[in-house]
Structures are given as C-alpha cells and as structure tokens.
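What follows is each chain in one-letter form.
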Amino acid sequence: RRGDVVITQDYGVAALALGKGARAIHQSGRWYMDENIDGLLMERHLAKKARRSGKHHLKGPAKRTAEDDLHFAESFEKLLNEAKQDDYISGSNSNG
C-alpha cells in the first residue's frame, strides 16, 4: 500500500508495488521507479524468451560481496529517508 517499502528482485512484484503507491528496491540497491520498471519488465521478457530458445546459457548472479551489502545499505537508507520526507510532507498537507 501507499507508503510501504518492498525489497524484491522480482520485477513483477516491484511493478505491483509501484502501482499501489509503494516504493520498491532491488537487493542490489537499484530503485524500481515508474521511469524504469517498463524497461526492466521488457528485459525480463526477452531473457525468458532467450532461455526458452535453448540457444543461450545464462549464468546466475555473481556471489554477493561486502561491497554489495554496503551499497544496498546506503541505497536503502536513502530510500527510507525519502519515504519519510514524502510522508512528512503529505501528512503536514493533510493537517493544514
């Protein structure tokens, strides 16, 4: 729902969250936004087609590093701060 924060690597779940007014972030720290979700969903579709064709062998993600964890933590904190700020602004508008 509006104001929630979702952590997911599933682009479909992210799209649903955005549609309900929530914020969504990938485990890598990438933010899902209205401006990038369509492209990400298209990438997912094309990758699925490539896998089905049997012509492409796609490797899984690289092993997670301490640097990855730090990047996620920084990005997640920034997202939470923006969400709090937006909540504060919208809350103060409804009270005034």
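Anyway, here's the lowdown on the structure attached to this text. (Residues numbered from 1 in each chain as written. Predicted model: local features only at pLDDT ≥ 70, side-chain atom pairs only at ≥ 80, totals over all residues. Heavy atoms only, no water.)

1. Points about the overall build of the protein chain
So, point 1. Broken down by element type, the protein chain carries three helices and three strands.
So, point 2. Secondary structure of the protein chain in N-to-C order comes out as β-α-β-β-α-α.
So, point 3. Out of the 96 residues in the protein chain, the part that is buried amounts to 21%.
So, point 4. Just so you have it, the protein chain exposes about 7500 Å², and 52% of that area is on carbon and sulfur atoms. (Helix = DSSP H or I, 4+ residues; strand = E, 2+ residues; numbered from the N terminus. Buried < 20%, exposed > 50% of the residue type's maximum accessible area, 1.4 Å probe, protein only. Areas by Shrake-Rupley, 256 points an atom, 1.4 Å probe, with all protein chains shown as cover.)

2. Here's the deal with the sheet that holds strand β3 (residues 31-32)
So, point 1. Strands sit in the order β1-β2-β3 across an open sheet of three strands; the sheet is mixed. Of all the strands in the sheet, the pair left with one neighbour each is β1 (5-7) and β3.
So, point 2. In this sheet, strand β2 (residues 23-25) lies alongside β1 in parallel orientation, the contact comprising three bridges. Opposite Val6, over in β2, you have Ala24 as the bridge partner. (Pairing = 2+ DSSP bridges.)

3. Notes on the packing of aromatic side chains
So, point 1. For the structure on display, the rule yields two aromatic pairs.
So, point 2. Between Tyr11 and Tyr32, the aromatic rings sit 5.8 Å apart at their centres with planes inclined by 70 degrees, giving edge-to-face as the arrangement. With Tyr11 in helix α1 (residues 11-19) and Tyr32 in strand β3, this residue pair connects regions lying 21 residues apart in the sequence.
So, point 3. What makes Tyr11 buried here is its relative accessible area of 17%.
So, point 4. Centroid distance Phe72 to Phe76: 5.4 Å. Interplanar angle 15 degrees. Geometry classified as stacked. Of this pair, Phe72 and Phe76 both sit in helix α3 (residues 66-95), separated by four residues, roughly a single helical turn.
So, point 5. Looking at Phe72, the relative accessible area reads 16%, which means it is buried.
So, point 6. With relative accessibility at 22%, the residue Phe76 sits in the partly exposed group. (Phe/Tyr/Trp six-rings, centres within 6.5 Å; stacked < 30°, edge-to-face > 60°.)

4. Brief notes about helix α2 (residues 34-53)
Within an α-helix, residues lying three or four positions from one another point in the same direction, as the helix has 3.6 residues per turn.
So, point 1. For α2, with 20 residues, the first-to-last C-alpha span of 30 Å sits near the 28 Å given by 1.5 Å per residue.
So, point 2. Next to the buried residues of α2 lie α1 and β3. (Expected span 1.5 Å × (residues − 1). Contact = heavy atoms within 4.5 Å.)

5. Observations concerning the nonpolar core
So, point 1. Counting residues in hydrophobic clusters, the biggest one holds nine residues: Tyr11, Ala14, Ala17, Leu18, Ala22, Ala24, Tyr32, Ile37 and Leu40.
So, point 2. Looking at this core, the elements that each hand over two or more residues are α1 and α2.
So, point 3. Looking at this core, the element that brings in the most residues is α1, giving four residues.
So, point 4. With near-sequence residues (within four places) excluded, Leu40 lies in contact with Tyr11, Arg30 and Tyr32. (Core = buried A, V, L, I, M, F, W, Y, C linked by side-chain atoms within 4.5 Å.)

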